[in-house]
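# Structural description and commentary
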Amino acid sequence: MTAPNPFSLPPATPEPRRRNLLPILIGGGLAGILLIVIGGAALAFTLLTQRANNLPELLPAETQIYATFTPNLSDLPNIGRLRQAFPETFDYQESEATADLLAERFGVTFAEDIAPWIGAEMALALYGLPIEELTNLSGLEPADPMNPFSTPLDQETNILLLAAVRDQRAAQAFLDKQRAFREQKGERFTTNTINNVTIYASESDTTPFAAFALARNTVVFANKAENIATLVQQENNSTLARNTSFQAVVQALPGDRMATIYISGDTIARLTDALLESSTNTVPTTTFNDAQAAAQALQGVGLTMAVIERGLRFDAVSVFDQNRLGNDLRERIAQLRPAVSPERAGDVDSATLGVFSFLIPEDWGQQLRDQLAASPETANTLDDLEASLNIDFERDLFRWFHGEGVITVLPLDSNDLPVGGYFALRVADRSAAEQGMERLRAFVADSFGLVFTDTSLGRTQVQAIEEGELFVGYGFNGNDLVIAFGRQAMESAFGAEQKLSSQSDYADVLRALPSPNSGIFHVNLTAVRQLYKRVGEEQIDPDLEQRLAPFKAITSTGTVGLDNQGALRGTLLLSIGP
């Protein structure tokens, strides 16, 4: 029986021994890393779009990486600010670089030979990736800088480039013209006809343009002719569109997405296994087993881009089969539900260069002990440190050092020390925190000869080391333990003149991010540029400054634990000004 279309399927129905949460951290870290990857790729090419929803029907179910993109960006919603920030992106079809590439490689022009037939859908698909070789980064260096696929892996990997066709005759004319041009340059082709589709294969080319055909209303280029043959003969019930993991990931993606990249869970699991196998001597057994279990439960990762009113939003979604996580891991994930209050980051000074809010869990000390105890080499690490430093980690640190934290970086008035900042932790037991800090203060004095003295900040007393413009100190603002570098930063921690949350731009950003979340990471790009202009030894190139001017801020966050779809989400927003 033919499976329904993946874009209309409902999500799959999901399912104490203390152990570390490394698998979840790996998932979150993976989402964060992939999020950065898609952000860089989208800014470089700005070609991705959600409209390619038919091409998965042409690809095999074992497709490992699938990305969709469009040749025309002008009709995208909320595109005004993006057009101002990337003016050349919308004219790439007429750019000199594009013209040179098409002329030198294919002997065609976009306006005359491609525009008449190309549709709204384009895609890149890869399968057959040699996972074990991917762990050797040196094998990923392109042999030809002009061809990013020219690595030692391309002979094993199957690479397809697909473009939807709206005019069959014009598309065939394009293929014939580029083939004739390549033949004039000495290239020779063989042909094979399958299901009335003629597949051309170069006898010398090994790039993704080695083979090509007009098949199933699609222009297809591939690095191997057999890849196109597979596409031509693809059965409906064995396509990527019918792959249940692909369906689960697609169902979890944001509805307003304009860009989509899919990476299969099996690919990530095999890569994780290969990386872990190469580090079995350094990774504790429990950590190794947990990481493998989490990777095996991963159905896939989806990366998306959306153009919103104030800029670009990138989302990374890792989708897990919760039934395969196991009861122990599912219970620990459920315990991650406490979120960081949104005002934690918003309470810092509006002049901040950057701020990061987060939660230090109450049992982090025990998690650390369990992690170290899992390996014979590190089992006695804390005991040895306590003996040598003459401190008690449980009493002096673990018992009270937890709660909502925030780190902020601030510009200072001094040109000698132009940057300062502070760390603030909202503790549950201020008395225990004061006692712990007193012991740590005594330890620093005895061990390093650094003495913190009473220092006044208006009506507030803090402990500080102060010499000239250098200021390092700590104090308590209510239940907030504040550790600051720079007197101006300490004063800001005890009473910002204007809070970040009062800024309308920041408030708009928060509304575009998931809530509740695990904390906020925010960088004020405008303030960073202003600081550089004030203290930088070299002036910013005027052209570069003009190009950077539209970018106002970067803000990122992630969800807490898994949602009902088994998804762990991360979001990054690039704010673009008018």
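Residues numbered from 1 in each chain as written. Predicted model: local features only at pLDDT ≥ 70, side-chain atom pairs only at ≥ 80, totals over all residues. Heavy atoms only, no water.

## Overview of the nonpolar core
- Counting residues in each nonpolar core, the largest one holds 33 residues, and the members touching the most others are Y66, L160, L162, I199, I228, L231 and V319.
- Breaking this core down by element, the ones donating at least two residues are strand 2 (118–127), strand 3 (158–165), strand 5 (197–202), strand 6 (211–215), strand 7 (218–222), helix 7 (225–232), helix 8 (244–252) and strand 10 (311–320).
- It is helix 8 that contributes the most residues to this core, five residues altogether.
- In this view, I199 contacts T190, T191, N192, I194, F212, A213, A225, I228 and A229; residues no more than four positions away in its chain are not counted.
- If you look at the next biggest cluster of nonpolar residues, it comprises 27 residues, including I114, M122, L175 and L214. (Core = buried A, V, L, I, M, F, W, Y, C linked by side-chain atoms within 4.5 Å. Buried < 20%, exposed > 50% of the residue type's maximum accessible area, 1.4 Å probe, protein only. Helix = DSSP H or I, 4+ residues; strand = E, 2+ residues; numbered from the N terminus. Contact = heavy atoms within 4.5 Å.)

## What about the pattern of salt bridges?
- Scanning the entire structure with this criterion turns up 24 salt bridges.
- Note that R487 and E466 form a salt bridge whose closest N and O atoms lie 3.0 Å from each other. Highlighted residues: R487 in helix 18 (residues 487–493) and E466 in strand 15 (residues 460–467), separated in sequence by 21 residues.
- Judged by its relative accessible area of 39%, E466 is partly exposed.
- A single network of salt bridges, built from pairs that share partners, joins R105, R182, E187 and D205. (Salt bridge = Lys/Arg side-chain N within 4 Å of Asp/Glu carboxyl O.)

## What about the confidence of the model for the protein chain?
- The share of residues in the protein chain with pLDDT of 70 or more is 79%, and the mean pLDDT across the chain is 82.
- pLDDT under 50 marks residues 1–52. Its contacts with residues more than four places away, or in other chains, come to 127 contacts. (pLDDT = per-residue confidence, 0-100.)

## Remarks on helix 3 (residues 96–106)
- Every buried residue of helix 3 is listed here: T98, L102 and F106. Projected onto a plane normal to the axis of helix 3, the buried residues spread over an arc of 25° and lie on a single side. Exposed positions of helix 3 whose direction lies more than 90 degrees from the buried face are E96, A97 and E104.
- On its buried face, helix 3 sits against helix 4 (110–114) and helix 6 (168–184).
- Of the residues one or two after helix 3, G107 is the one with positive phi, at around 70°. (Arc of directions from axis to C-beta.)

## Things to note about the pairing of strand 5
- With five of six residues buried, strand 5 is to be regarded as a mostly interior element.
- Inspection of the sheet shows strand 4 (residues 189–194) paired to strand 5 by six bridges, in the antiparallel sense. Looking across to strand 5, one finds that T190 is bridged to A201.
- In this antiparallel pair of consecutive strands, strand 4 and strand 5, the connection spans two residues, and N195 shows a positive phi of 50°.
- For strand 5 and strand 6, the ladder comprises two bridges, and the chain directions are antiparallel. Residue pairing across strands places A201 opposite A211, the latter belonging to strand 6. (Pairing = 2+ DSSP bridges.)

## Brief notes about the side chain of R529
- Tracing the sequence through the fold places R529 in helix 20 (residues 525–535).
- Look at R529: it is buried, it has no salt bridge, and the nearest opposite charge is E545 at 6.5 Å.
- Within polar-contact distance, the side chain of R529 engages the backbone oxygen of A549 at 3.3 Å.
- The residues touching R529, leaving out its near neighbours within four places in the chain, are L548, A549 and F551. (Lys, Arg positive; Asp, Glu negative; His and termini not counted. Polar contact = N/O pair within 3.5 Å; in protein donor to acceptor, adjacent residues only side chain to side chain.)

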